[in-house]
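Observations on the model geometry
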Amino acid sequence: MRILLIAPAWRTDCWNGGKTLTPPNALPILASLTPPDVDVQLMDENVGAVDTKAEVDLVGISSMTASAPRAYQIADAFRARGVPVVLGGMHPTAMPEEAGRHADAVVMGEAEGQWETLLEDFGRGQMKPLYRSDERPSLEGLPLPRRDLLKRSAYLLPNMIHTARGCPHACTFCSVTPVFGRKYRFRPVDEVVEEVRSLGVRSLGFGDDNIVASPARAKQLFEKLIPLKLQWVGQGDLSMAKDPELMELMRRSGCVAMFVGLESTSPESLALAHKQPNLGLDLSETIDTVHRHGLDIIGSFVFGLDADTPEVCTATLEFAMRKKLAAAQFAVLTPFPGTPVYEQLVAEDRILDPDWSKYTMGNVVFKPRGMSPAELAAERAKAYDRFYSMGSIARRMLVWRGGHPKVLLRAATNLSYRRINRGGRICSTVPHDGRVAAPRPVR
Ligand code: B12
Ligand code: SF4
């Protein structure tokens, strides 16, 4: 049997000269869950062409919301040739009926357990149209993702490892809880360390939504990482600042920077977004504490929450510049299906654009409450223009925060964000007028 696993393109011209930031992690996982006698190929359209004429028996496509229209286009092209298609991932999980119109089977939620069953059913000629499990898979004893199938040189950060899934918070705009649940599920620390060792690399990213969610478990992990002499980046919430021992272990295990959902400086906006980890915190003081431990912060902000006005957006931008964050991203609030924000905006008839390919967090697809859509777009553009002006980059670059100065890493990150987002630029989305784009050469 031959299976082709595909990550569809979500925009055509982003990241650095044809590289994309990280690999589509779901595909190597699906490949690892596939019996060894099956021939598996993997195509990431963000870094190379997808050949819709490929001779295969089954196609599996992974889709987020922004890539859903392209996923459907590719699915339709294969199905027109009689090749059955399975759709899974964030978007099909939230919109199974829509996805089902372009697929022979839709898998809702996590693949582990369900993909194996689907393949058995397929082998017997009995694949079902929908696979859905209310039980979340255990993360113990998972096979190593088949990274050997990836074109690793095409990624800026090719080595991404997940150590846990799920999140106990339920921020109104976030797709994580609806897909992975509100309970953290951890992989055994020793299995994570083994996976890190197996990569044989010195720099990597942890893709967990909150690697410091359980400080006790995080400390165990970081202690075991120290001998590996790594440099790593991760994501986490500001609760880490309360625990000096944790921060010290992060630094010693090689943490260079943390991507943190700061979201807004407005307490009203944070409360409306149910951004639990940030409520009641002195953001400025907390950021200083993280910086004092030698860690950079890449701040993630969202503009367009119901309490946001142009003044709130400007204040948030100025805060990010004043705190000399190593980098920041300024997303436009985007109502991803399955999230409370989506339900709210649909109920209030405030969705302006139902075209999923625009759901990149760079477009205004809804009617904001505290400003016009044009003002919101302008605030985002202004934020990127000012934060990534050469003067601002220089001022944030040459900061000494203990340890090594990280100037090169900061420069690369800032120039990349600058290139992608300045000038109110929104990376072009993939055309999805029913045509399947001619394969592009691998760049
Ligand atoms: C790393 C990451 C990225 C990377 C790599 C993305 C990638 N292709 O994997 C980069 C930087 C490129 C990226 C880009 C974007 N991202 Co992103 N990203 C993440 C992050 C932090 C981890 C993704 C990951 O590796 N998860 C682990 C893997 C294993 O999970 P998974 O892909 O969902 O796969 C599991 C199941 O869904 C299922 N499954 C998935 N595909 C398939 C296919 C089949 C056939 C089957 C059977 C099962 C199956 O099985 C897998 C294993 O259980 C997530 C947050 C999160 N917790 O997931 C956000 C997240 C997925 N990203 C998000 C967003 C919004 C974006 C961007 C629009 C943002 C932007 N402007 O940069 C783009 C859009 C990209 C796209 N393809 O459309 C949102 C998605 C919301 C949505 N509904 O679409 C998330 C959830 C963040 C959030 N908190 O809201 N992202
Ligand atoms: S934004 Fe972060 S803290 Fe909030 S629900 Fe999503 S993963 Fe959890």
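Quick notes on the rules
- Residues numbered from 1 in each chain as written.
- Chains lettered and ligands numbered in written order.
- Predicted model: local features only at pLDDT ≥ 70, side-chain atom pairs only at ≥ 80, totals over all residues.
- Helix = DSSP H or I, 4+ residues; strand = E, 2+ residues; numbered from the N terminus.
- Rg over C-alpha atoms; globule rule 2.2 N^0.38 Å.
- Buried ≥ 20, exposed ≤ 12 C-beta atoms within 10 Å, placed from the backbone.
- Contact = placed C-beta atoms within 7 Å.
- Domains from an automatic or database assignment.
- Nonpolar A, V, L, I, M, F, W, Y, C, P; charged D, E, K, R; others polar.
- Near = placed C-beta within 6 Å.
- Pairing = 2+ DSSP bridges.
- Axes fitted to C-alpha atoms, helices over the stretch in contact; angles between N-to-C directions.
- Core = buried A, V, L, I, M, F, W, Y, C linked by C-beta atoms within 7 Å.
- Right-handed = clockwise from strand over helix to strand, strands pointing away.
- Parallel < 35°, antiparallel > 145°, perpendicular 65-115°, else oblique.
- Left-handed = near helix turned anticlockwise from the far one by under 90°.
- Arc of directions from axis to C-beta.

On to the overall build of the protein chain, then. Assigned secondary structure in the protein chain consists of 16 helices and 14 strands. Its C-alpha radius of gyration of 21 Å places the protein chain within 12% of the 22 Å reference for a compact globule of 443 residues. Its C-alpha atoms give the protein chain principal-axis dimensions of about 60 × 50 × 40 Å. By the burial criterion, 44% of the 443 residues in the protein chain qualify as buried. When contacts within the protein chain are restricted to residue pairs at least 6 apart in sequence, those whose partners lie at least 24 apart make up 76%.

So, on to unusual backbone geometry. Phi angles above zero are rare outside glycine, and E263 is one such case at about 70 degrees. Within the element layout of this structure, E263 appears in strand β12 (residues 255-263). The exposure class assigned to E263 is buried, which follows from the 24 C-beta atoms found within 10 Å. At M361, a residue that is not glycine, the phi angle is positive and equals roughly 75 degrees. Looking at the element boundaries, M361 is found in the loop between α13 (340-347) and α14 (373-387).

As a further point, take the domain arrangement of the protein chain. In terms of domain boundaries, the protein chain breaks down into domain 1 (2-132) and domain 2 (159-424). A straight line from the C-alpha centre of domain 1 to that of domain 2 covers 28 Å. Contacts between the two partners involve 17 residues from domain 1 and, on the opposite side, 16 residues from domain 2. Sorting the residues of the side of domain 1 that touches domain 2 by element identifies α2 (68-80) and α3 (90-94) as the ones contributing at least two each. Considering every element that reaches the side of domain 1 that touches domain 2, the biggest residue donor is α3, with 3 residues. Considered class by class, the residues forming the side of domain 1 that touches domain 2 number 10 nonpolar, 6 polar and 1 charged.

Close to ligand 1 lie 36 residues; N25, S62, G88, G89 and A111 are nearest. Elements with a minimum of two residues in the shell around ligand 1: α1 (26-33), β3 (58-62), β4 (85-88), α3 and α6 (176-180). Here the shell around ligand 1 is composed, by residue class, of 19 nonpolar, 14 polar and 3 charged. Composition of the shell around ligand 1 by domain shows at least three residues from each of domain 1 (2-132) and domain 2 (159-424).

The next thing to look at is the sheet that holds strand β5 (residues 105-108). Judged by pairing direction, the sheet is parallel, and its 6 strands sit side by side in the order β2-β1-β3-β4-β5-β6 without closing on themselves. Each of the sheet's edge strands pairs with one partner strand only, and the pair in question is β2 (39-44) and β6 (130-132). Put simply, the sheet's adjacent strands are angled 20 degrees from each other on average, direction ignored. Here β5 pairs with β6 via 3 bridges, running parallel.

Near ligand 2 the following residues occur: C167, H169, A170, C171, C174, V176, T177, D209, G261 and P277. Looking at the shell around ligand 2 residue by residue, the classes come out as 6 nonpolar, 3 polar and 1 charged.

Core analysis: the largest hydrophobic core is formed by 114 residues, its most contacted members being L5, I6, A75, V85, L87, V107 and I297. The residues that make up this core include at least three from each of domain 1 (2-132) and domain 2 (159-424). Here I297 is in contact with A257, M258, V260, I287, V290, L325 and A326, once residues within four sequence places are set aside.

Both faces of β5 are covered, namely the face carrying A105 and V107 and the face carrying V106 and M108. The parallel pair β5 and β6, bridged by helix α5 (residues 114-123), forms a crossover whose chirality is left-handed.

At a minimum axis distance of 10 Å, the contact between helix α12 (residues 310-322) and α14 shows a crossing angle of 15 degrees. When the axes of α12 and α14 are compared, the pair comes out roughly parallel. α14 is crossed by α12, and the crossing has right-handed handedness. Every residue of α14 that contacts α12 at P310, C313, L317, A320 and M321 is listed here: E375, E379, A383, R386 and F387.

Attention now goes to the sheet that holds strand β11 (residues 231-235). Taken together, 6 strands build an open sheet; the order of strands is β7-β10-β11-β12-β13-β14 and the sheet is parallel. For this open sheet the edge positions go to β7 (160-161) and β14 (327-332), each flanked by a neighbour on one side alone. Of the pairings in the sheet, the one linking β12 to strand β13 (residues 296-303) comprises 6 bridges and is parallel in character. Counted as the bridge partner of V260 is G299 from β13. Against the sheet, helix α16 (residues 407-421) engages β12, β13 and β14, with an angle of about 25 degrees to β14.

Within α5, burial applies to W115, L118 and L119. Summarising the axial view, the buried residues of α5 lie within an arc of 100 degrees, below the 170-degree limit, and thus occupy one face. The inward-facing, buried residues of α5 abut α1, β4, β5 and β6.

It is worth spelling out the packing of helix α8 (residues 215-225) against helix α9 (residues 244-253) at this point. At their nearest, the axes of α8 and α9 sit 8 Å apart, and the two run at 30 degrees to each other. Comparing the axis directions of α8 and α9 gives the class roughly parallel. Where α8 crosses over α9, the handedness of that crossing is left-handed. Taken together, the residues of α9 that come into contact with α8 (itself represented by P215, A218, K219, F222, E223 and L225) are E245, L246, L249, M250 and S253.

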